[in-house]
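Working through the structure, step by step
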Amino acid sequence: GIQVEQSPPDLILQEGANSTLRCNFSDSVNNLQWFHQNPWGQLINLFYIPSGTKQNGRLSATTVATERYSLLYISSSQTTDSGVYFCAVAHRGSTLGRLYFGRGTQLTVWP
Amino acid sequence: SQTIHQWPATLVQPVGSPLSLECTVEGTSNPNLYWYRQAAGRGLQLLFYSVGIGQISSEVPQNLSASRPQDRQFILSSKKLLLSDSGFYLCAWTRMDTEAFFGQGTRLTVV
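Within each chain, residues carry numbers counting from 1 in the order of the written sequence. Labels are handed out in written order, letters beginning with A for the chains and numbers beginning with 1 for the ligands. Only residues with pLDDT of 70 or above have their local features reported here, since the model is predicted, and side-chain atom pairs are shown and tallied only from 80 upward, although totals for entire chains, interfaces and linings are computed over all residues. Heavy atoms throughout the structure, all of them, feed into the side-chain values; hydrogens and water do not.

Here we come to the packing of aromatic side chains. Note on ring pairs: Phe, Tyr and Trp rings are taken, using the six-membered ring of Trp, and paired if centres are within 6.5 Å. Classes follow the plane angle, with under 30 degrees stacked, over 60 edge-to-face and the rest tilted. As enumerated under the stated definition, the model contains 10 aromatic pairs over all chains in all. Ring geometry for A:Phe101 against B:Tyr36: centres 5.7 Å apart, planes inclined by 75°, an arrangement best described as edge-to-face. Taken together, the residues A:Phe101 in strand E10 (residues 100–101) and B:Tyr36 in strand E4 (residues 32–38) connect one chain to another. Take A:Phe101 and B:Tyr36: they sit in the same class, and that class is buried. Between B:Trp93 and B:Phe101 the ring centres are 5.7 Å apart and the planes differ by 25°, which places this aromatic pair in the stacked class. Three exposure classes are used, based on accessible area relative to the maximum for each residue type with a 1.4 Å probe and protein chains only: buried under 20%, partly exposed in between, and exposed over 50%. For B:Trp93, a relative accessible area of 4% puts it in the buried group. Counting every residue linked through ring pairs, the aromatic cluster contains A:Phe35, A:Phe86, A:Phe101, B:Tyr34, B:Tyr36, B:Tyr49 and B:Phe102. Here, over-ring charges are defined by two tests on the NZ atom of lysine or the CZ atom of arginine: distance to the ring centre within 6 Å, and angle to the ring normal within 35 degrees. Geometry around A:Tyr69 places A:Arg22 over its ring, the cationic atom sitting 4.3 Å from the centre. A run of H or I in DSSP counts as a helix once it spans at least four residues, and a run of E counts as a strand once it spans at least two, with each numbered from the N terminus.

In this section: the pairing of strand E1 (residues 4–7) of chain A. Residue and element names in this part refer to chain A. What you see with E1 is a clean split: Val4 and Gln6 sit on the buried side and Glu5 and Ser7 on the side with no burial. Sheet analysis places E1 next to strand E3 (residues 19–25), joined by 4 bridges and oriented antiparallel. Directly across from Ser7, in E3, lies its bridge partner Arg22. At least two DSSP bridges between two strands are needed for those strands to be called paired.

Turning to the interface of chain A and chain B, a few remarks are in order. Accessible area lost upon the coming together of the parts is a frequently used measure of interface size. Each partner contributes to the interface: chain A provides 24 residues, whereas chain B provides 24 residues. In total, about 1,800 Å² of surface goes out of reach between chain A and chain B, with carbon and sulfur atoms giving 50% of it. In what follows, salt bridge is the name for a side-chain nitrogen of Lys or Arg lying within 4 Å of a carboxyl oxygen of Asp or Glu. Our count for the chain A to chain B interface comes out at 1 salt bridge. For B:Glu59, the salt bridge goes to A:Arg98, with nearest N and O atoms at 3.1 Å. Two N or O atoms form a polar contact when they lie within 3.5 Å of each other; inside protein one atom must be a possible hydrogen donor and the other a possible acceptor, and for residues adjacent in sequence the pair counts only when both atoms belong to side chains. Where chain A packs against chain B, one counts 10 residue pairs in polar contact (both at pLDDT 80 or more). Elements supplying a minimum of two residues to the side of chain A that touches chain B: strand E4 (29–37), strand E5 (43–48), strand E9 (83–91) and strand E11 (105–110) of chain A. Classifying every residue of the side of chain A that touches chain B gives 10 nonpolar, 11 polar and 3 charged. Contact between two residues is taken to exist if any of their heavy atoms lie within 4.5 Å; hydrogens are not considered. Here the quantity called buried area is the accessible surface, traced with a 1.4 Å probe, that two parts lose on coming together, added over both. Each residue is assigned to one class: nonpolar for Ala, Val, Leu, Ile, Met, Phe, Trp, Tyr, Cys and Pro, charged for Asp, Glu, Lys and Arg, and polar for all the others, Gly among them.

By convention in this document, the label disulfide applies to cysteine sulfur atom pairs within 2.5 Å. Under the criterion given, the structure shown has 2 disulfides over all chains. In this model, A:Cys23 is linked to A:Cys87 through a disulfide, with the two sulfur atoms separated by 2.0 Å. Disulfide A:Cys23-A:Cys87: torsion about the S-S bond near -60°, hence left-handed. Separated by 64 residues along the polypeptide, A:Cys23 in strand E3 and A:Cys87 in strand E9 bring together distant segments of the chain. Neither residue differs from the other here; A:Cys23 and A:Cys87 are each classed as buried. A sulfur-sulfur distance of 2.0 Å marks the disulfide that ties B:Cys23 to B:Cys91. Looking along the S-S bond of the B:Cys23-B:Cys91 disulfide, the torsion reads about -75°, which is the left-handed sense. Placement of B:Cys23 in strand E3 (residues 19–26) and of B:Cys91 in strand E9 (residues 87–94) is noted, with a sequence separation of 68 residues between them. Each of the two residues, B:Cys23 as well as B:Cys91, counts as buried.

The structure is reproduced here in structure tokens:
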């Protein structure tokens with residue numbers, strides 16, 4: 001399978017700060033998704049971004065498929081941003097839902 | 001719009017007892033369906049996926065099995081639970097051209 005590495009593993013911020021989360025992957029992909037896992041365990045879809053750049057409010061993401069990495073930017077962080085952020089990818093040629101997950105970044109935002 | 005339902009939300013079962021977790025998808029047809037497990041720590045691992053009724057692919061050898069008796073129904077089962085089966089189980093769906101969406105998960109504790 002594909003190796004997915006996320007960094008940093010833990011991140012502690014003051015409310016209002018900006019942050020960048022990184023995801024490196026080891027092979028060509030046809031799917032890359034960023035998720036936020038809330039305290040109840042549910043995976044919330046943030047971005048479907050196998051390539052290019054997308055923005056949604058205070059969050060944005062960029063994937064450079066040729067260099068096999070993706071970045072998730074969180075601006076003006078809020079306490080509700082706390083939780084675990086996962087990057088997941090699917091092999092090129094595979095069904096989009098056969099995802100390999102990184103171990104996540106645990107984000108804690110303090111008021 | 002499409003929705004995915006999982007139940008139960010939590011389950012405590014004794015070692016050696018059977019297991020049946022159900023997942024259904026509404027608002028779409030011919031979905032690809034997936035079962036993932038999140039064990040202690042953070043990563044999610046794909047257990048089974050299905051591209052159609054009666055078609056099941058297993059990703060890892062284990063004590064569990066899956067079935068797809070109807071187009072939008074996916075069931076995870078075990079005849080005899082082990083302590084190591086404890087974890088958080090999530091069902092997901094995709095179409096050929098869509099990102100993966102996850103259910104709310106079932107937290108299973110085997111005692």
